[in-house]
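# Structural characterization, general
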Amino acid sequence: MKTNFNGVAVVGLLALLPALGQAQGPVFVLTQEGSMVNFSVKASVPIAGKFDKWDSTLTFSSTDVTSGVLDIKIQAASVDTGSGVKDDKLKSKDFFDAKDNPLITFHSDKIVQTGPTTLEMPGTFTIRGVSKAETLTFTITGKGTGSGAITGTMAFDRKQYGMNSGIPFIKIADRVEVSVNLKGKRVSGPAIVFKQ
């Protein structure tokens, strides 16, 4: 699903190592062009969509891949299912509560390498002002080239976040699946080191 964005490229911020004399970590630029944040829910009438406005940063304090910190901030009101009726319902207090809780966020300060090109990022997911521990599972493409993408998935139970309502005449599952595709490029600093 191709996504159009209005924002400019989001630059991955760099946290310098505190000790003097240590080399800086790699600096990545994450681009919204070609990147996307999508979601889907099994229902009697399919519900799937994307978010048009979001920012993401990926920072590393060293070359060790496990030193990465990922932040994703999504504008809840930018939900786009292709249906104005569905969008309005999802923005309402019954679901995203976009007026009082405008941001959906994910923050992870721990990366676990689970395979040559796979990572897990346990972190804190917040929606509707409710925060819980969730894990994004990522696959990397372009490893070692300085550019590529990380494609991740996460699933959560909407009722654990207070989304207990339904949509009239539509039966909705509790499980929501989220997919994230972030494209980036290393613009300075050394390469990331992965376990072999």
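As a reminder, the structure under discussion sits directly above these lines.
I will try to describe carefully the structure that is included in this document. In this text the structure is predicted, and so the values were computed from the model without any measurement. (Residues numbered from 1 in each chain as written. Predicted model: local features only at pLDDT ≥ 70, side-chain atom pairs only at ≥ 80, totals over all residues. Heavy atoms only, no water.)

## Description of the side chain of S56
Rule in force here: For the purposes of this entry, the term helix denotes a DSSP run of H or I that reaches at least four residues, the term strand denotes a run of E that reaches at least two, and both are numbered from the N terminus. Relative accessibility under 20% of the residue-type maximum defines a buried residue, over 50% an exposed one, and the middle range a partly exposed one, all with a 1.4 Å probe and only protein chains included.
Mapped onto the secondary structure, S56 falls in strand 4 (residues 54–60). We classify S56 as buried; its relative accessible area is 3%.

## Let's talk about the packing of aromatic side chains
Aromatic rings in a pair are described by how distant their centres are and how their planes are angled relative to each other. The following threshold applies: Between 30 and 60 degrees the pair is tilted, below 30 it is stacked and above 60 it is edge-to-face, where a pair is any two Phe, Tyr or Trp rings, Trp via its six-membered ring, whose centres lie within 6.5 Å. Lysine NZ or arginine CZ positioned within 6 Å of the ring centre and within 35 degrees of the ring normal marks a charge as sitting over the ring.
The final tally for this structure, using the stated rule, is seven aromatic pairs. Between the aromatic rings of F39 and F51, the centroid separation amounts to 5.4 Å while the plane-to-plane angle is 40 degrees, which identifies the pairing as tilted. Taken together, the residues span a long stretch of sequence, with F39 in strand 2 (residues 27–43) and F51 in strand 3 (residues 47–51) at a distance of 12 residues. Measuring from centroid to centroid gives 5.5 Å for F125 and Y161, while their planes differ by 75 degrees, and the two rings are edge-to-face. Remark: Y161 occurs in the loop between strand 11 (147–157) and strand 12 (172–188) and F125 occurs in strand 9 (residues 118–127); sequence separation between them is 36 residues. Members of the aromatic cluster, connected to one another through ring pairs, are F39, F51 and F96. Sitting over the face of the ring of F194, K143 holds its NZ or CZ atom 5.0 Å from the ring centroid.

## As for the side chain of S78
To keep things clear, this is the line we draw: Polar contact is the term for a pair of N or O atoms within 3.5 Å; when the atoms are in protein, one must be able to donate a hydrogen and the other to accept it, and sequence-neighboring residues count only if both atoms are side-chain atoms. Residues are treated as being in contact if the distance between any of their heavy atoms lies within 4.5 Å.
Mapped onto the elements, S78 comes out in the loop between strand 5 (68–75) and strand 6 (79–80). Within polar-contact distance, the side chain of S78 engages the backbone oxygen of Q75 at 2.7 Å. Sequence-distant contacts of S78, that is, excluding residues within four places in its chain, are made with K50, F51, D52 and K53.

## Details of the layout of surface pockets
The cut-off we apply is this: Put simply, the grid is 1 Å and covers the protein atoms alone, a cavity is a trapped set of points that fit a 1.4 Å probe, a pocket is an open set with protein on both sides within 12 Å along at least five of seven lines, and lining residues have an atom within 4 Å of a point. Grid points are joined across faces, edges and corners, and a volume is the space filled by probe spheres set on the points. All residues other than Ala, Val, Leu, Ile, Met, Phe, Trp, Tyr, Cys, Pro, Asp, Glu, Lys and Arg, Gly among them, are scored as polar; the first ten of these are nonpolar and the last four charged.
Of the pockets and cavities examined, the largest pocket occupies roughly 390 Å³. Forming the boundary of the largest pocket are 26 residues, of which F28, I140, K143, I192 and F194 lie nearest the centre. Within the lining of the largest pocket, the residues separate by chemical class into 15 nonpolar, eight polar and three charged.

The values reported here are purely geometric and, on their own, carry no functional implication.
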